[in-house]
Each structure stands twice: as C-alpha cells, then as structure tokens.
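As a plain string of letters, each chain reads:
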Amino acid sequence: MTQVMNSLPKSAEFSLGFTLIEVLIVLLIISIVTGMAVLSIRPNEHQQIDRFGKTFLNQLELAEEEALLRTVVLGVTLREHDYQFMQWVLGQDGKKGHWEALNHPLLNEVFIPRGLKLQLQMNRREKSSNRTNQPQIVISTNGNMTPFDLAVGKSGRKPRFVIHGRENGELTGDVIN
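Let me begin by describing the structure that accompanies this report. (Residues numbered from 1 in each chain as written. Predicted model: local features only at pLDDT ≥ 70, side-chain atom pairs only at ≥ 80, totals over all residues. Heavy atoms only, no water.)

Some remarks on the overall build of the protein
Heads up, the condition is: Helix numbering and strand numbering both begin at the N terminus, where a helix is a DSSP run of H or I of at least 4 residues and a strand a DSSP run of E of at least 2. Any pair of residues with heavy atoms lying within 4.5 Å of one another is described as a contacting pair. Per-residue and other accessible areas follow the Shrake-Rupley method at a 1.4 Å probe size, with only the shown protein chains counted as cover for residues.
Scanning the protein from terminus to terminus reveals 3 helices and 10 strands. Contacts in the protein between residues far apart in sequence, at least 24 positions, make up 58% of those at least 6 positions apart. On the protein, roughly 12,100 Å² of surface is accessible, and the fraction owed to carbon and sulfur atoms is 57%.

So, the side chain of Lys154
Turning to its location among the elements, Lys154 is positioned in strand 8 (residues 148-154). In this structure, Lys154 is in contact with Glu45, Gln48, Ile49, Arg114, Gly115 and Leu116, ignoring residues within four places of it in sequence.

Let's talk about the packing of aromatic side chains
Keep this limit in mind: Any pair of Phe, Tyr and Trp rings, taking the six-membered ring for Trp, is counted once the centres come within 6.5 Å. Such a pair is stacked with planes under 30 degrees apart, edge-to-face with planes over 60 apart, and tilted for the rest. Residue exposure (1.4 Å probe, protein chains only): buried if accessible area is under 20% of the type maximum, exposed if over 50%, otherwise partly exposed.
A complete count under the given rule lists 4 aromatic pairs for this structure. Judged by centre distance (6.2 Å) and plane angle (80°), the rings of Phe52 and Tyr83 are edge-to-face. Here Phe52, found in helix 3 (residues 20-70), pairs with Tyr83, found in strand 2 (residues 82-90); they are 31 residues apart in sequence, far enough to count as distant. Relative accessible area serves as the criterion here: at 10%, Phe52 is assigned to the buried category. When its relative accessible area of 1% is taken as the criterion, Tyr83 is described as buried. Plain terms: the ring middles of Tyr83 and Phe85 are 6.0 Å apart, the flat faces sit at 75° to each other, and that makes the pair edge-to-face. Exposure class is identical for Tyr83 and Phe85. Each is buried.

With respect to the pattern of salt bridges
Worth spelling out the cut-off: The rule for a salt bridge is simple: a side-chain nitrogen of Lys or Arg has to be within 4 Å of a carboxyl oxygen of Asp or Glu.
A full pass over the atoms with the stated rule returns 5 salt bridges. Close ionic contact of Arg70 with Glu66 constitutes a salt bridge, the shortest N to O distance being 3.3 Å. Note that Arg70 and Glu66 are positioned in helix 3 at a spacing of 4 residues, about one turn of the helix. Measuring nitrogen to oxygen at the nearest pair gives 3.9 Å for the salt bridge that ties Glu109 to Arg79. With Glu109 in the loop between strand 3 (97-101) and strand 4 (110-111) and Arg79 in the loop between strand 1 (74-78) and strand 2, this residue pair connects regions lying 30 residues apart in the sequence. Through salt bridges with shared partners, a single ionic network connects Arg79, Asp82 and Glu109.

Digging into the pairing of strand 3
Here is the rule we go by: Strands were regarded as paired on the criterion that DSSP finds at least two bridges between them.
Bridge count between strand 2 and strand 3: 5 bridges; the pairing is antiparallel. Residue Gln87 lies in a different strand from strand 3, and its bridge partner there is Glu100.

Re unusual backbone geometry
Its identity as a non-glycine residue notwithstanding, Thr71 has a phi of 45°, on the positive side. Turning to its location among the elements, Thr71 is positioned in the loop between helix 3 and strand 1.

Quick look at the nonpolar core
We count it as follows: Each nonpolar core is a collection of buried residues, namely Ala, Val, Leu, Ile, Met, Phe, Trp, Tyr and Cys, held together in the definition by side-chain atoms within 4.5 Å.
Formed by 30 residues in total, the largest nonpolar core has its most connected members in Phe56, Leu78, Tyr83, Phe85, Phe148 and Ile163. Those elements that provide at least two residues to this core are helix 3, strand 1, strand 2, strand 5 (116-122), strand 7 (137-139), strand 8 and strand 9 (161-165). It is helix 3 that contributes the most residues to this core, 7 residues altogether. Once residues within four sequence positions are removed from consideration, Phe85 is found in contact with Phe56, Gln59, Leu60, Ala63, Gly75, Val76, Ala101, Leu102, Leu107 and Asn108.

A few points about the environment of Thr172
With respect to the helices, strands and loops of the structure, Thr172 is situated in strand 10 (residues 171-175). A relative accessible area of 30% means that Thr172 is categorised as partly exposed. Through-space distance from the C-alpha of Thr172 to that of Val162 is 8.3 Å; in sequence the pair is 10 residues apart. Those residues in contact with Thr172, other than ones at most four positions away along the chain, are Leu57, Val162, Ile163 and His164.

So, the environment of Phe85
Among the structural elements, Phe85 can be located in strand 2. A relative accessible area of 1% places Phe85 in the buried class. Taking the C-alpha atoms as reference points, Phe85 and Glu100, 15 residues apart in sequence, are found 8.7 Å from one another.

Here it is as structure tokens:
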C-alpha cells in the first residue's frame, strides 16, 4: 500500500475531497435557483386569486341576469369553504317560502380553493361565515341587490381582489396591488 501511495503524484494525495471554494460555489448556485423558483411561483398565487375573483364576479353577473329573466329572487350563501347560489321558493299557500339551492349548471356550489379567504363587508361591517342556508347577498327580480364588498385573498394576508356590489345591481371587480 505504501508503494501505491508513493507511486501517486504529490497533488493526487490532496484531491480526495472538495475545497471550501467548490462547496461555496455549489451553495451559491442552489440559492440562486431556489430564489428564482420562489419568484416564479409567487405570481401564480396572484393569478389564482385574480382568476377566482373574476370567476365569482362573472357568476354574480350571470345570477343577476337569471333573476331578471326568470323573475325569481336569488341569493348567495357564503360559507368558510364554499359558496352556494340559492333561490327563493314560495310555499304551497303562495305566501310562506324558503331558500333552496339553485339548480343551474353554472351557478352551483363552488368550493373555495385551499388557502383563499373571502371577507364579506356589508354596511362597512365585516360579516362572519354563514352556517345556515340564509344568503347574505340577495338579488331581486328587478336587478337590485344587497350592497356589499367582498375581498378575496390568501388567509392571513392583505386581500388582492375586491368585488363591489351596489344596491342598483352594479358590480365591479378591482385588483389591489
């Protein structure tokens, strides 16, 4: 064995591991790649929130049109993990009624993606999640609706998208930067 060690050039005896410089360069490359990955993922979070907010806004506009065309009172029940479009159904006597889930292919129950939070404000007061089937937002047969502001964002962060609903039925959506 000593004969093999003696036959190796002197520089080969010391090249059995990595130098500190080589390790630092590898760590630098890994941190740069990780930083780029984090930056490329972040806009996707914003896109998810924007897409969800715009979809919800479009569904509200469709519900307004549906209420006008079918002359039915519609509502939106917001819960912690989902929201549901409802319709007011009169009872047999034509007086007493109740809310039931709307049977419509585009206005059915929608589950809120994990990590997103909806914050409903009515009359400048925040409303908590609904545990009943009573809708917080009501759309009448003439297009009027309960005025509201609905903020969409990641849980524990500032909202990114806000839907404004006015009493006259006007709906707008804004991205908050």
